[in-house]
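Breakdown of the fold
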Amino acid sequence: MDMKRRKLLGGVAGLAASQALPFVGRASAQTSFSFGLTPVFLDSDIELLNELQGYLSQAMKRSVSLVKRRTYQEITALLLSGELDAAWICGFPFVQHADKLALVAVPLYRGKPLYQSYIIVPSARQITEWDQLQGDIHAFSDPDSNSGYLVTAALLAEHDLTPAKFFAKTFFTYGHRNVIRAVASGLAQSGSVDGYVWDVMNAREPALVSQTKVLRRSELLGFPPIACLRGNLDTEEIGQLADALVSISKNEQGRKVLAMLQLDGFAVEPESTFAGIAAKYSLIQLKGG
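These lines cover the structure that appears in this document, whether it is placed above or below. (Residues numbered from 1 in each chain as written. Predicted model: local features only at pLDDT ≥ 70, side-chain atom pairs only at ≥ 80, totals over all residues. Heavy atoms only, no water.)

1. A closer look at the packing of aromatic side chains
Where we set the bar: Aromatic rings from Phe, Tyr and Trp, taking only the six-membered ring of Trp, are treated as a pair when their centres fall within 6.5 Å; an angle between ring planes under 30 degrees marks them as stacked, one over 60 as edge-to-face, and anything in between as tilted. A run of H or I in DSSP counts as a helix once it spans at least four residues, and a run of E counts as a strand once it spans at least two, with each numbered from the N terminus. Relative accessibility under 20% of the residue-type maximum defines a buried residue, over 50% an exposed one, and the middle range a partly exposed one, all with a 1.4 Å probe and only protein chains included.
One pass over the full model with this rule turns up 15 aromatic pairs. Measuring from centroid to centroid gives 6.2 Å for F140 and F167, while their planes differ by 80°, and the two rings are edge-to-face. A residue pair is termed long-range when its members are at least 10 positions apart, and F140 in strand β7 (residues 137–140) and F167 in the loop between α6 (163–166) and β8 (169–172) qualify at 27 residues. Looking at F167, the relative accessible area reads 4%, which means it is buried. Relative to F167, the ring of F166 lies with its centre 5.0 Å away and its plane at 80°, an arrangement referred to as edge-to-face. A relative accessible area of 4% means that F166 is categorised as buried.

Structural data, given as structure tokens:
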């Protein structure tokens, strides 16, 4: 790895780590509620976190602690161990641990509990097909991300390929924003990214995102859900969380949170919403990717 790439990658990793700083405490009292957030969470600014924490605390009528970590694996581990009451995770870890996790609610994006994975390249790159990416340096978001890893790995598996065989090099940025930055800067020649994040960033930071373009859009898949342990699904606390999320658009502060996230709301959805992601995970297991 040359010095320029090492320096920029170090900056990306440092940025991802710094995003884990706000609200990293655990619930300190029995009446408090610990809610985990992974890097799938679009924005890490203090205002959004304050608004979300304030809304949930008010709607649930209890203290809510927001817990952020750098990787999906860290938040999933905390959720599985019972150290978190619930978490906004990704569809990939949800299907990986489907025997232990239950759906609380799923965000609605453009009216549906669905989103897409994008493969992006520099805007000036003159290619039209995904197989022209062979030999690239490719940026993934997180090894436990559906849109930022699994979808591309499954696409390759359908053609008896793996990321290690197809790409010259791959690396993880631990944040969808950082995948966009890596491709825009030339650190990566292509990247796998959450389409929702790319779309919203394209509206908010067009100068950055316009340096990239979408080469491939996946089919619609289950949007990153809010989950809890199966054994806790019928508890009072989880019921309060589900009610708070489903009714978020009825509250002024809740509508502010939705506007900041550019989501339409939350809904209770069947686990079959994630069947497409489960199929990709099964394919990867079958092919050994």
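2. Digging into the sheet that holds β8
For the record, the criterion: Pairing between two strands is assigned when DSSP locates at least 2 bridges connecting them. Note on method: axes are straight lines fitted to C-alpha atoms, helices fitted across the in-contact stretch only, with angles between N-to-C directions ranging 0 to 180 degrees. Whether two residues are in contact is decided by their heavy atoms, any of which lying within 4.5 Å being enough.
A sheet is described by the order of its strands in space; here 5 strands give the open sequence β8-β7-β9-β6-β10, paired in mixed fashion. A single partner strand is all that each edge strand has here, and the edge strands are β8 and β10 (212–217). Across the sheet, the axes of successive neighbouring strands diverge by a mean angle of 30°, strand direction being ignored. Packed onto the sheet, helix α7 (residues 176–185) meets β6 (117–122), β7, β8, β9 (190–194) and β10 and runs at close to 155° relative to β9. In the packing of helix α8 (residues 195–204) onto the sheet, contacts are made with β6, β9 and β10, and the angle to β9 comes to roughly 95°.

3. Regarding the environment of G82
If you trace the backbone, G82 turns up in the loop between α3 (72–80) and β3 (86–88). Its relative accessible area of 43% is what places G82 among the partly exposed residues. Note: C-alpha distance between G82 and C228 (146 residues apart in sequence) is 8.9 Å.

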